[in-house]
Amino acid sequence: MEGNKMKKVAILFGGKSTEYSVSLESAYSVLSHLDLHKFEVYMIGINQKGEWKHFEGDISLIKDDKWDHEYLNPVTISLNPHQKCLLEIRNQKVEEVEVDAIFPILHGKNGEDGSVQGLVQITGIPLVGCDVLSSALCMDKYRAHELVKAHGIEVPGCVYLQHQQDYPNKKPDIMGLQLPVYVKPVKSGSSLGMCRLESFDHLDQAVFEAFQYDDCVLIEEEVKGFEVGCAVMGCKTLKTGRVDEIELSSGFFNFQEKYTLKTSQIHVPARISSSLELQIQETAKEIYRILGCQIFARVDMFLTPDHHIVFNEVNTIPGFTAHSRYPMMMEKNGLSFQTLLTQLIEMGIQHANQNTL
């Protein structure tokens, strides 16, 4: 970073999303580990009504979801690219707040799908994370699969329902899939609205529930083996973390297991050979590039018993909680949580400056 001047970073948390609570945990963890000798923090909480507010209190209130109250000042982003600032209403006056970067710690819709990324891109303020296109692509599991498959990487067999009216006509195709299958919303995270079926007896109900989370649904064949993940960071030059492995006692890695690990274990590094780990890391980097990712993302794949790598999904804003996979994988490759956050923010600022016309 230039000189010793502290950079002011706006941290966005909360959001009008079903993953609101996960965002609060992630933001608390990020704020707890951020190097405050290098960065000045400007916290923006987005409540479940979608209201943006400048939060200046104790960060423990974020974790406990007690941050939001009526006396917080409203804040938004100036869409004037010459200003490159936030606008806060304080004492009935609009104040300009200059920031050096915006770091969204938002999961799910309206935060991870390109919406906020597009808003930030218009302002010209450096963004810490993937851009509009890659965020939208990665959020759409079907289109991400189609693009990755076109580059020769294996993906699970599936049937895509573009809207609920598709279901009756495509039900015979679904019944032709090999059981078990997963029914999942196309654009949702943290396994919300997703279920695993070992028979088609409850297919109607599973499809109905998935449509409550999104207007498109994917019915996907289960891949034999286990899930592995790879943390990737960078733009032109990429760095990976150690590959991790999810060990399940039963079922699948659902919302509860992802955030409590009651019956599951995550092994970092994965219990695989070094040559196989390298192959997974290289595949993860290839997928990252195919989908146009930048700054950071977590690439999730399956490893079959005969060592085939099958693409699952990319999380462009993976969890940053104390037990989240992305920071754990990077830590095992020599980057502490604090150093990781510093490098991501610096990279976001540098990347934006290099691409400024």
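These remarks concern the structure in this document. If you're wondering where the values come from, they're calculated on a predicted model, not measured in any experiment.

With that settled, the discussion passes to the pairing of strand E9 (residues 181-185). Counting buried positions over the five residues of E9 gives five, a clear majority of the element. The two faces of E9 match: Val181, Val183 and Pro185 on one face and Tyr182 and Lys184 on the other face are all buried. Where E9 meets strand E10 (residues 195-197), three bridges bridge the pair, whose relative direction is antiparallel. In the sheet register, valine 183 faces E10, and the bridge partner there is cysteine 195. The pairing of E9 with strand E11 (residues 217-221) spans five bridges and is antiparallel. In the sheet register, tyrosine 182 faces E11, and the bridge partner there is glutamate 220.

The next subject is the nonpolar core. Residues Ile62, Phe103, Met233, Phe296, Phe320, Tyr326 and Leu344 are the most contacted members of the largest nonpolar core, which totals 38 residues. Of all elements in the fold, only strand E1 (7-14), helix H1 (20-33), strand E2 (39-46), strand E7 (101-105), strand E12 (226-234), strand E16 (295-303), helix H10 (325-331) and helix H11 (337-354) reach the threshold of two or more residues within this core. If sequence neighbours within four positions are ignored, phenylalanine 103 has contacts with Val9, Ala10, Ile11, Leu12, Val30, Val128, Phe296, Leu341 and Ile345. Counting 28 residues, the second-largest nonpolar core is a separate cluster that includes Val155, Ala284, Val299 and Phe311.

Here is what the cut-offs are and how they apply
- Residues numbered from 1 in each chain as written.
- Predicted model: local features only at pLDDT ≥ 70, side-chain atom pairs only at ≥ 80, totals over all residues.
- Heavy atoms only, no water.
- Buried < 20%, exposed > 50% of the residue type's maximum accessible area, 1.4 Å probe, protein only.
- Helix = DSSP H or I, 4+ residues; strand = E, 2+ residues; numbered from the N terminus.
- Pairing = 2+ DSSP bridges.
- Core = buried A, V, L, I, M, F, W, Y, C linked by side-chain atoms within 4.5 Å.
- Contact = heavy atoms within 4.5 Å.

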